[in-house]
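Listed below are the residues making up each chain.
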Amino acid sequence: MSDDDHHFESKADAGASKTYPQQAGTIRKNGYIVIKARPCKVVEVSTSKTGKHGHAKCHFVGIDIFNGKKLEDIVPSSHNCDVPHVNRTDYQLIDISEDGFVSLLTENGNTKDDLRLPTDENLLTQIKDGFAEGKDLVVTVMSAMGEEQICALKDIGPKN
């Protein structure tokens, strides 16, 4: 077998899993955790003492990073929890279509047209108003576990 037999296309994620394991006792507030198959930001962690026969337990309260719902989970501190790979990427806003999708410019000059406007009313109004005024807007897209959503907005000045 020569070295020519194996040719792999290099992709950024390389089919990596959407989560990685981390011991429950090491997850802290403002970290991320998967609760009920949803990626969540941890807003509260409390640890109970070990019982007569048991493990110390960690009680996590998390807010879903995409829909804002509050979720809770209790896990023995010695067990592993799933932690989502959370990425934030900035894209320049090019266009907003009538059906609620945005057209974004990626770093390599391609367009990304598969993202909807955010459901958060405040952010939605800021994006629409800023775009209507002809401002150059940069949106921050958060992605985790195969989902993506616009989570923040930056104004980089008026268009020339």
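About the cut-offs
- Residues numbered from 1 in each chain as written.
- Predicted model: local features only at pLDDT ≥ 70, side-chain atom pairs only at ≥ 80, totals over all residues.
- Heavy atoms only, no water.
- Helix = DSSP H or I, 4+ residues; strand = E, 2+ residues; numbered from the N terminus.
- Buried < 20%, exposed > 50% of the residue type's maximum accessible area, 1.4 Å probe, protein only.
- Contact = heavy atoms within 4.5 Å.
- Areas by Shrake-Rupley, 256 points an atom, 1.4 Å probe, with all protein chains shown as cover.
- Patch = residues over 30% accessible without salt bridge, like charges linked within 9 Å, V, L, I, M, F, W, Y side chains within 5 Å.
- Salt bridge = Lys/Arg side-chain N within 4 Å of Asp/Glu carboxyl O.
- Lys, Arg positive; Asp, Glu negative; His and termini not counted.
- Charge placed at Lys NZ, Arg CZ, Asp CG, Glu CD.
- pLDDT = per-residue confidence, 0-100.
- Expected span 1.5 Å × (residues − 1).
- Arc of directions from axis to C-beta.

Right, let's talk about the overall build of the protein for a bit. Within the protein one finds one helix and eleven strands. Scanning the protein from its N terminus toward the C terminus, one meets helices and strands in the order β-β-β-β-β-β-β-β-β-α-β-β. The buried share among the 160 residues of the protein stands at 32%. If you take every contact in the protein between residues at least 6 apart in sequence, the share linking residues at least 24 apart comes to 48%. When the accessible surface of the protein is split by element, carbon and sulfur atoms take 48% of a total near 10500 Å².

The phi torsion at Lys-36 lies on the positive side, around 50 degrees, for a residue other than glycine. By the element assignment, Lys-36 lies in the loop between strand S2 (32–35) and strand S3 (38–47). Judged by its relative accessible area of 60%, Lys-36 falls in the exposed class. Although it is not a glycine, Met-145 sits at a positive phi angle of roughly 50 degrees. Among the secondary structure elements, Met-145 is positioned in the loop between strand S10 (135–144) and strand S11 (147–158).

Now for a negative patch on the surface. A contiguous patch of negative charge on the surface is contributed by Asp-95, Glu-98, Asp-99 and Asp-113. In this fold, Asp-95 is placed in strand S7 (residues 87–96).

This part takes up the confidence of the model for the protein. Overall, the predicted model of the protein reaches an average pLDDT of 83, with 88% of residues at or above 70. Every residue in residues 7–15 scores below 50 in pLDDT, and together they form zero contacts with partners more than four places removed in sequence or on other chains.

With that out of the way, let us pick up helix H1 (residues 121–132). The end-to-end C-alpha separation of H1 is 16 Å, in line with the 16 Å expected for twelve residues at 1.5 Å each. Within the span of H1, buried status applies to Leu-123, Leu-124, Ile-127 and Gly-130. Projected onto a plane normal to the axis of H1, the buried residues spread over an arc of 145 degrees and lie on a single side. With respect to the buried face of H1, the exposed residues turned more than 90 degrees away are Glu-121, Asn-122 and Ala-132. One or two positions beyond H1, positive phi appears at Gly-134, with a value near 80 degrees.

Once that is clear, we can look at the pattern of salt bridges. For the coordinates displayed, the defined rule picks out six salt bridges. Residue Arg-38 pairs with Glu-147 through a salt bridge whose shortest N-O separation is 2.6 Å. Here Arg-38 is found in strand S3, whereas its partner Glu-147 is found in strand S11, with 109 residues between them in sequence. By relative accessible area, Arg-38 is classed as partly exposed at 23%. A salt bridge links Lys-135 to Glu-133; its shortest N-O distance comes to 3.2 Å. Judged by its relative accessible area of 30%, Lys-135 falls in the partly exposed class. A relative accessible area of 55% means that Glu-133 is categorised as exposed. Each of the salt bridges in this network shares a partner with another, and the network as a whole consists of Arg-38, Asp-64 and Glu-147.

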